[in-house]
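Below, each chain spelled out in residue letters.
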Amino acid sequence: MKLGFSLSPGGLLLPYHLGALASLAYHGILNEDTPIAGSSAGAIAVASHAAQVPSHQALEASMKVSSSCNPLFLASGGLMPRLRLELYRLLGPDAHQTIQERPGLVGLAHLQVYPKISSQLETEFNSEESLVNAICDSSMFPYFTSNRPWNVYMNSGLERTDHNRPKQRRWNRGWSRKSPIAKVTMDGVFTEPAFRFGCPDIRDHVDREIKIMVCPQELPNLLSFGDPSSFAFSDDPQVVSQLDSSRFHSEDVIAPKLEHNVMAQASKLGLMAVGPAPRKTLASLYEAGFCDAERWVRKEESRNS
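Residues numbered from 1 in each chain as written. Predicted model: local features only at pLDDT ≥ 70, side-chain atom pairs only at ≥ 80, totals over all residues. Heavy atoms only, no water.

Per an unreviewed UniProt entry, the chain goes by PNPLA domain-containing protein and derives from Cylindrotheca closterium.

Trainee: Where do I start with the overall build of the chain in this structure?
Mentor: Helix and strand content of the chain: ten helices and eight strands. Across the 305 residues of the chain, 51% fall into the buried class. Counted over contacts in the chain with a minimum sequence separation of 6, partners at least 24 positions apart contribute 75%. A total of about 15000 Å² of accessible surface is found on the chain, and carbon and sulfur atoms cover 53% of it. (Helix = DSSP H or I, 4+ residues; strand = E, 2+ residues; numbered from the N terminus. Buried < 20%, exposed > 50% of the residue type's maximum accessible area, 1.4 Å probe, protein only. Contact = heavy atoms within 4.5 Å. Areas by Shrake-Rupley, 256 points an atom, 1.4 Å probe, with all protein chains shown as cover.)

Trainee: Is there a simple way to explain the pattern of salt bridges in this structure?
Mentor: Pairing is possible between side chains that carry opposite charge, provided their charged atoms lie close to one another. By the definition in use, this model includes eleven salt bridges. One salt bridge in this structure joins lysine 211 and glutamate 209, with 3.3 Å as the shortest N-O distance. Relative accessible area serves as the criterion here: at 2%, lysine 211 is assigned to the buried category. (Salt bridge = Lys/Arg side-chain N within 4 Å of Asp/Glu carboxyl O.)

Trainee: Explain the pairing of strand β2 (residues 36-39) to me, please; I cannot follow it from the model alone.
Mentor: Across a regular strand the side chains alternate sides, sitting on one face of the sheet and then on the other. Of the two faces of β2, the one lined by Ile36 and Gly38 and the one lined by Ala37 and Ser39 are each fully buried. Relative to β2, strand β1 (residues 3-7) runs parallel, the two sharing three bridges. Paired with leucine 7 across the two strands is glycine 38, which belongs to β2. Following the chain from β1 across helix α1 (residues 14-26) to the adjacent parallel β2, one finds a crossover that is right-handed. Relative to strand β3 (residues 106-114), β2 runs parallel, the two being bridged by four bridges. Bridge pairing in β3 places alanine 37 opposite glycine 107. (Pairing = 2+ DSSP bridges. Right-handed = clockwise from strand over helix to strand, strands pointing away.)

Trainee: Where do I start with helix α2 (residues 41-50) in this structure?
Mentor: Because an α-helix packs 3.6 residues into every turn, residues spaced three or four apart end up facing the same way. For α2, the tally of buried residues reaches nine of ten residues, placing the bulk of the element in the interior. Those residues of α2 not exposed but buried are Ala41, Gly42, Ala43, Ile44, Ala45, Val46, Ala47, Ser48 and Ala50.

Trainee: What's the story with the layout of surface pockets in this structure? I'm lost.
Mentor: Unoccupied space between atoms shows up once a probe the size of one water molecule is rolled over them. Space inside the largest pocket adds up to approximately 870 Å³. Lining of the largest pocket is provided by 47 residues; of these, Pro9, Gly10, Gly11, Phe197 and Ala273 occupy positions nearest its centre. At the level of elements, α1, α2, α3 (55-66), α4 (79-91), α7 (218-224) and α9 (262-274) are the ones that each hand at least two residues to the lining of the largest pocket. When residues of the lining of the largest pocket are assigned to their parent elements, the largest contribution, seven residues, is made by α9. Along the lines of polarity and charge, the residues of the lining of the largest pocket split into 34 nonpolar, ten polar and three charged. (1 Å grid on protein atoms, 1.4 Å probe; cavity = no way out; pocket = protein on both sides within 12 Å on 5 of 7 lines; lining within 4 Å. Points joined across faces, edges and corners; volume = space filled by probe spheres on them. Nonpolar A, V, L, I, M, F, W, Y, C, P; charged D, E, K, R; others polar.)

Trainee: Could you clarify how one ought to interpret the environment of glycine 275 in this entry?
Mentor: One can find glycine 275 in the loop between α9 and α10 (279-304). A C-alpha to C-alpha distance of 9.6 Å links glycine 275 and leucine 13, two positions 262 residues apart in sequence.

Trainee: Honestly, the nonpolar core in this entry has me stumped. Any pointers?
Mentor: Here is a general trend for soluble globular proteins: nonpolar side chains tend to be buried in one another's company. Within the largest apolar cluster, 58 residues are counted, with the highest numbers of intra-cluster contacts made by Phe5, Leu24, Leu108, Ile212 and Ile254. Residues in contact with leucine 24, not counting those within four places in the same chain, are Phe5, Ile29, Leu30, Ile212, Ile254, Ala293, Trp296 and Val297. By size, the runner-up hydrophobic cluster in this structure holds five residues, among which are Leu12, Val65, Cys69 and Leu79. (Core = buried A, V, L, I, M, F, W, Y, C linked by side-chain atoms within 4.5 Å.)

Trainee: Looking at this structure, how should I read the packing of aromatic side chains?
Mentor: The description of an aromatic ring pair uses the distance of the two centres, along with the angle that the planes make with each other. If you walk through the whole model with that rule in mind, you get two aromatic pairs. Residues phenylalanine 141 and phenylalanine 190 carry aromatic rings whose centres are separated by 5.6 Å and whose planes lie at 20° to one another, so their mutual orientation is stacked. On the criterion of sequence distance, the pair formed by phenylalanine 141 in the loop between α6 (128-138) and β5 (151-154) and phenylalanine 190 in the loop between β6 (181-186) and β7 (208-212) is long-range, its members being 49 residues apart. By relative accessible area, phenylalanine 141 is classed as partly exposed at 35%. Residue phenylalanine 190 is classed as partly exposed on the basis of its relative accessible area, which comes to 37%. One Lys or Arg, lysine 183, reaches over the ring of tyrosine 153 and ends 4.7 Å from the middle of that ring. (Phe/Tyr/Trp six-rings, centres within 6.5 Å; stacked < 30°, edge-to-face > 60°. Lys NZ or Arg CZ within 6 Å of the ring centre and 35° of its normal.)

Trainee: In this structure, what is going on with the confidence of the model for the chain? I would like to understand it.
Mentor: It should be kept in mind that the predicted coordinates are not to be read in detail where pLDDT is low. Scored by pLDDT, the chain has a mean of 83; 80% of the residues are at 70 or more. Across residues 157-176 the pLDDT falls below 50, and counting only partners more than four positions away or on other chains, this stretch makes 34 contacts in the model. With pLDDT under 50 throughout, residues 225-247 is counted as low confidence; its partners more than four residues away or in other chains account for 26 contacts. (pLDDT = per-residue confidence, 0-100.)

Okay, here's the thing in structure tokens:
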């Protein structure tokens, strides 16, 4: 059976993903042939792993990006430039080649807003810049990572602008009727229904898709009626019509356990996703991802024995 892993968004909870991937790789479940895809924080983790960046280096880079946020939990448009800088430092000039030579699928998801709204899963990277742009598109959360709502690509060979760098040319509308904008992109969290929590759908590429989430799987389910078995009113035809029970099985998700005080847990994760955290906290988050993946591996081994 061909397994694939789909990683959720998570903002500055990125270390959780890094720990989970490190655990899966340690056990040999995640290898060069394993399809992996991610959105936003998940895309960063997927790209760094596929580029063979050691997990401790990726963790250190995530700590540097986290420090770019201010104590009021607002990136103030400064997070995207810092992310881009750290990606160039972390991945290196040959990362796109390493990823392209990898046998297994590597997918980075984003939402295309213009010229047509559609979910995109980028799998081809022909340069260092195209790889970094794909990661930044997937991580373009409006007014958080940037002070603008989206990334913009320009037509006719004009330099791309993500509103974090000054434009070096101006489009002369008098010379062409063609739109100056080639495409507009946003964060990968918007590519899937809410109950998938932004995990790219790679079921066409694998026999079994495992989602890795930075929050308990029950949270997005509760928000979107994602798991009919968890609701007393699941016999309601209007509710059942919205559900796809095949999409969520507990054995197909690596995620933190749901705590007794759900609202407190959700609030804590939400604040950590958008605000700076001490290095010790981020290291603990990495360890939590590693341990949750370990727990999943043990369950898989007992299920298959």
